[in-house]
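Read off the chains here:
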Amino acid sequence: MKRASKWILRITLAILIIMAALIGLWQLSKMRSYQLFGEIVSSVDTHEKVIALTFDDGPTAAYTNEILAILDQYGVKATFFVIGREVEENPEHARSIVEAGHELGNHSWSHPNMSLLSLDRVADEIERTDAAIRAVGYEGELHFRPPFGKKLLTLPWYLRQHNRTTVMWDIEPETYAEIAAEPSRIVQHVLDNARPGSIVLLHLMYESRETSRQALPTIIERLREQGYKLVTVSELLSVSAFAAGGR
Ligand code: ZN
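Numbering of residues starts from 1 in every chain and runs along the sequence as written. Where local features are concerned, this predicted model is filtered to residues with pLDDT of at least 70; where side-chain atom pairs are given and counted, the filter is 80 or more; whole-chain, interface and lining totals use all residues. In computing side-chain values, all of the structure's heavy atoms are included and hydrogens and water are not.

### Considering the coordination of the zinc ion
Part 1 of the argument: Each metal's donors are the N, O and S atoms within 2.8 Å of it, or within 3.2 Å when it is Na, K or Ca, and because water is not part of the set, sites may look incomplete. Protein coordination at the zinc ion: the donors are D57 (OD), H107 (NE2) and H111 (NE2), at 2.1 to 2.2 Å from the metal.
Part 2 of the argument: Summarised as a motif, the one-chain spacing of the donors to the zinc ion is D-x49-H-x3-H. Of this pair, D57 sits in the loop between β2 (50–56) and α2 (64–74) while H107 sits in the loop between β4 (103–106) and α5 (119–135); the two residues are 50 residues apart in sequence, bridging distant segments of the chain. H107 shares its class with D57; the two are buried. Each helix corresponds to a stretch of at least 4 residues labelled H or I by DSSP, and each strand to a stretch of at least 2 residues labelled E; elements are numbered beginning at the N terminus. In this scheme, a residue with accessible area under 20% of its type's maximum is buried, one over 50% is exposed, and one in between is partly exposed, where area comes from a 1.4 Å probe on protein chains only.

This is how it looks when you write it as structure tokens:
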């Protein structure tokens, strides 16, 4: 009897340890400013009032032109983290983004959760997307943003081997359903959280994000009223490098 209860205790303890480890790995996989290997950025440390607007997914035939028209109207350059498969499906829209002078980033080929992919799959997802982005004429730097922000071991390892920076974000209004429902709340969330060096994430490329598209002009206007300059991710990273070098 006594022996049996001892075993029950041991098994319970082992289960708890395994659960804690799994929860720990899950937490690690979604951290915005830490990964096991290589450089990761969720915002930059600067006193300069610069902010990067970043748009994930697509490009889609339905919304690319509308988004580009808004950015053009305000003379803003943004960073589009595009999906390789969608670049291949909509090359003329990808090319319009390039020709308008925006930055493109790699957001994988098929948008899987990459935290448990093999190194070969990781390489394939990233390299096919690089090739698709280059094929539409983009020549600038190509940063990487993991789908769902998820990464664990193989992805950071690959990115470090290839000297690629993982670009995350520090402002994400659409995470909260009650904020995402109203353009004015999206704007307010961005303003409440904006600070020098912030990276804002919005999804503008799909039908479900009408409120985000409606919020975009006001986000730009209000951030500028507060003295912010809107820059691409590469410009933001160079501000950070300059600031660090000047210290
Ligand atoms: Zn995405």
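### Things to note about the nonpolar core
Soluble globular proteins tend to bury their nonpolar side chains together.
Part 1 of the argument: Counting residues in hydrophobic clusters, the biggest one holds 42 residues, and the most contacted among them are L53, F55 and F80.
Part 2 of the argument: The set of elements that each furnish at least two residues to this core consists of β2, α2, β3 (79–82), α4 (91–99), α5, α8 (183–193), β6 (199–202) and α9 (210–225).
Part 3 of the argument: Setting aside residues up to four positions removed in sequence, L53 forms contacts with V76, A78, T79, V200, L216, I219, I220, L230 and V231.
Part 4 of the argument: Here, nonpolar core refers to any group of buried Ala, Val, Leu, Ile, Met, Phe, Trp, Tyr and Cys residues whose side-chain atoms link them within 4.5 Å. Counting 16 residues, the second-largest nonpolar core is a separate cluster that includes I40, V50, L236 and L237. Contacts are residue-level and defined by heavy atoms, with any inter-residue pair within 4.5 Å sufficient.

### A short note on unusual backbone geometry
A negative phi angle characterises most non-glycine residues, just as the trans form characterises most peptide bonds.
Part 1 of the argument: Going from G58 to P59, the amide bond is cis rather than trans, its omega being 5°.
Part 2 of the argument: Counting through the fold element by element, P59 comes out in the loop between β2 and α2.
Part 3 of the argument: Notably, S108 is not glycine yet its phi reads approximately 80°, a positive angle.
Part 4 of the argument: Considering the arrangement of structural elements, one finds S108 in the loop between β4 and α5.
Part 5 of the argument: Its relative accessible area of 0% is what places S108 among the buried residues.
Part 6 of the argument: One non-glycine residue, N163, adopts positive backbone phi at about 55°.
Part 7 of the argument: Under the relative-accessibility criterion, N163 is labelled exposed at 73%.

### Quick notes on α9
Part 1 of the argument: Its 16 residues give α9 an end-to-end C-alpha distance of 24 Å, which sits within 8% of 22 Å, the value for a rise of 1.5 Å per residue.
Part 2 of the argument: The largest bend in α9 comes to about 35°, at L216, with the proline P217 one to four residues further on.
Part 3 of the argument: Residues of α9 that are buried: T211, S212, R213, A215, L216, P217, I219, I220 and L223.
Part 4 of the argument: Contacts made by the buried residues of α9 are with β2, α2, α7 (177–180), α8, β6 and β7 (229–231).
Part 5 of the argument: Looking at the residues trailing α9, positive phi occurs at G227, about 90°. Expected helix span is computed as 1.5 Å times (number of residues minus one). Throughout, bend refers to the angle between the axes fitted to the seven residues that end at a position and the seven residues that start at it.

### A look at the domain arrangement of the protein
Accessible area lost on assembly of the parts is the figure often given for the size of an interface.
Part 1 of the argument: Each assigned domain of the protein is listed here: domain 1 (1–30) and domain 2 (36–245).
Part 2 of the argument: Distance from the C-alpha centre of domain 1 to the C-alpha centre of domain 2: 39 Å.
Part 3 of the argument: Taken together, the contacts link five residues of domain 1 with six residues of domain 2.
Part 4 of the argument: The largest per-residue losses of area from domain 1 upon contact with domain 2 belong to L28, S29 and K30, which jointly make up 83% of the total buried on that side.
Part 5 of the argument: Each salt bridge in this description consists of a side-chain nitrogen of Lys or Arg and a carboxyl oxygen of Asp or Glu lying within 4 Å of one another. At the junction of domain 1 with domain 2, the criterion picks out zero salt bridges.
Part 6 of the argument: As used in this structure description, the phrase polar contact means that two N or O atoms lie within 3.5 Å; if the pair is within protein, one of them must be able to donate a hydrogen and the other to accept it, and residues adjacent in sequence are counted only when both atoms belong to side chains. At the boundary of domain 1 with domain 2, the tally comes to two residue pairs in polar contact (both at pLDDT 80 or more).
Part 7 of the argument: When the residues that make up the side of domain 1 that touches domain 2 are grouped by side-chain class, the tally is three nonpolar, one polar and one charged. Note that the domain bounds reflect an automated or database-derived domain assignment. Here the quantity called buried area is the total loss of accessible area, with a 1.4 Å probe, experienced by two parts when brought into contact, counted for both. Three residue categories are used. Nonpolar comprises Ala, Val, Leu, Ile, Met, Phe, Trp, Tyr, Cys and Pro, charged comprises Asp, Glu, Lys and Arg, and polar comprises the others, including Gly.

### What to know about the environment of I40
Part 1 of the argument: Along the chain, I40 falls in strand β1 (residues 40–41).
Part 2 of the argument: Taking the C-alpha atoms as reference points, I40 and H143, separated by 103 residues in sequence, lie 10 Å from one another.
Part 3 of the argument: Setting aside residues up to four positions removed in sequence, I40 forms contacts with M31, R32, S33, Y34, Q35, K151, T166 and M168.

### A few points about the pairing of β2
Part 1 of the argument: Of all seven residues in β2, seven are buried, a share of seventy percent or more.
Part 2 of the argument: Side-chain alternation along β2 places V50, A52, T54 and D56 on one buried face and I51, L53 and F55 on a second face that is also buried.
Part 3 of the argument: Strand pairing is assigned whenever DSSP identifies at least 2 bridges connecting the two strands. Two strands pair when backbone bridges link them, and β2 and β7 are joined in this way by three bridges, in the parallel orientation. Among the inter-strand pairings, V50 is bridged to a residue of β7, identified as K229.
Part 4 of the argument: In this structure, β2 lies alongside β6, joined through four bridges in parallel fashion. Paired with F55 across the two strands is L202, which belongs to β6.
Part 5 of the argument: With three bridges joining them, β2 and β3 adopt parallel strand pairing. Along β3, the bridge assignment pairs F55 with F80.

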